[in-house]
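# An overview of the molecular structure
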Amino acid sequence: MNVKHIILLLVVMVSVLAGGCKYDWILPEEVPVIDPEVPISFTQEILPIFSEKNCTACHDGSPAPDLSEANAYASINSASYINRTTPEESVIYTEPHPDGEHTVKYSAAQAALILAWIEQGAENN
Ligand code: HEC
């Protein structure tokens, strides 16, 4: 191998590495990393998801659950919606999950937030 070959090899290696880094920037929606130690607030972080996604356009009494601001917590705080033993089986998480069939779905980030809130005990905080 002479000097030209070595330079060529270096150029190829750098391009491959740089290309590899660039690829990281075009991955699909980034789900923010949630610190399990930082409490998630139902009022400040979960309720806004229901209003942002306009869940109350339908869930304002019937069909259940009632997701209006005043009634949402009482309405979902039951084993039918929140599974404290196996949080990822909670219906309030699974039904509007991005991979699910529901008419309106959470974004991946919203789903992650709901799951983390349930894992923290689904408190009315
Ligand atoms: C266009 C009307 C509509 C919107 C908007 C809507 N839903 Fe629903 N949802 C329904 C209907 C109708 C049902 C009951 C039929 C069914 O089980 O699919 C339902 C069922 C559910 C269930 C399961 C209820 C049960 O007892 O099993 C959950 C949980 C739920 N919706 C949550 C949500 C959330 C959270 C949002 C907002 C992200 C939302 N829905 C937005 C119409 C809607």
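Look a little higher up for the structure.
What counts as what
- Residue positions are counted from 1 within each chain, in the order its sequence is given.
- pLDDT decides what is reported in this predicted model: residues at 70 or higher carry local features, side-chain atom pairs at 80 or more are listed and counted, and totals for whole chains, interfaces and linings draw on all residues regardless.
- Heavy atoms from the whole structure form the basis of all side-chain values; hydrogens and water molecules are not counted.
- Helix numbering and strand numbering both begin at the N terminus, where a helix is a DSSP run of H or I of at least 4 residues and a strand a DSSP run of E of at least 2.
- Buried means the residue's accessible area, taken with a 1.4 Å probe over protein chains only, is under 20% of the maximum for its type, while exposed means over 50%, and partly exposed covers the values in between.
- Within this analysis, the arc is defined by the directions that extend from the helix axis to the C-beta atoms.
- Should any heavy atoms of two residues lie within 4.5 Å, those residues are counted as being in contact.
- Pairs of N or O atoms within 3.5 Å make up the polar contacts considered here, provided that, within protein, one atom can donate a hydrogen while the other can accept it, and that residues adjacent in sequence are counted only when both atoms are side-chain atoms.

## Some words on unusual backbone geometry
Between serine 62 and the following residue, proline 63, the backbone shows a cis peptide bond with an omega angle of 0 degrees. With respect to the secondary-structure elements, proline 63 resides in the loop between α2 (42–52) and α3 (72–76). Cis geometry is adopted by the peptide bond preceding proline 65, which originates at alanine 64 and carries an omega value of -5 degrees. Mapped onto the secondary structure, proline 65 falls in the loop between α2 and α3. In this structure, asparagine 54 takes a positive phi of about 55 degrees despite not being glycine. With respect to the helices and strands, the residue asparagine 54 is situated in the loop between α2 and α3. At alanine 122, a position not held by glycine, the phi torsion is positive, near 45 degrees. Turning to its location among the elements, alanine 122 is positioned in the segment after α5 (108–119).

## With respect to α2
The complete set of buried residues in α2 reads Phe42, Ile46, Leu47, Ile49 and Phe50. End-on view of α2: buried residues confined to an arc of 145 degrees, all on one side of the axis. Opposite the packed face of α2, turned more than 90 degrees from it, sit the exposed residues Gln44 and Glu52. On the buried face of α2, the contacting elements are α3, α4 (91–94) and α5. The N-capping residue of α2, defined by a side-chain oxygen 3.4 Å from the backbone nitrogen of threonine 43, is serine 41. The first or second residue beyond α2 is asparagine 54, which carries a positive phi of 55 degrees.

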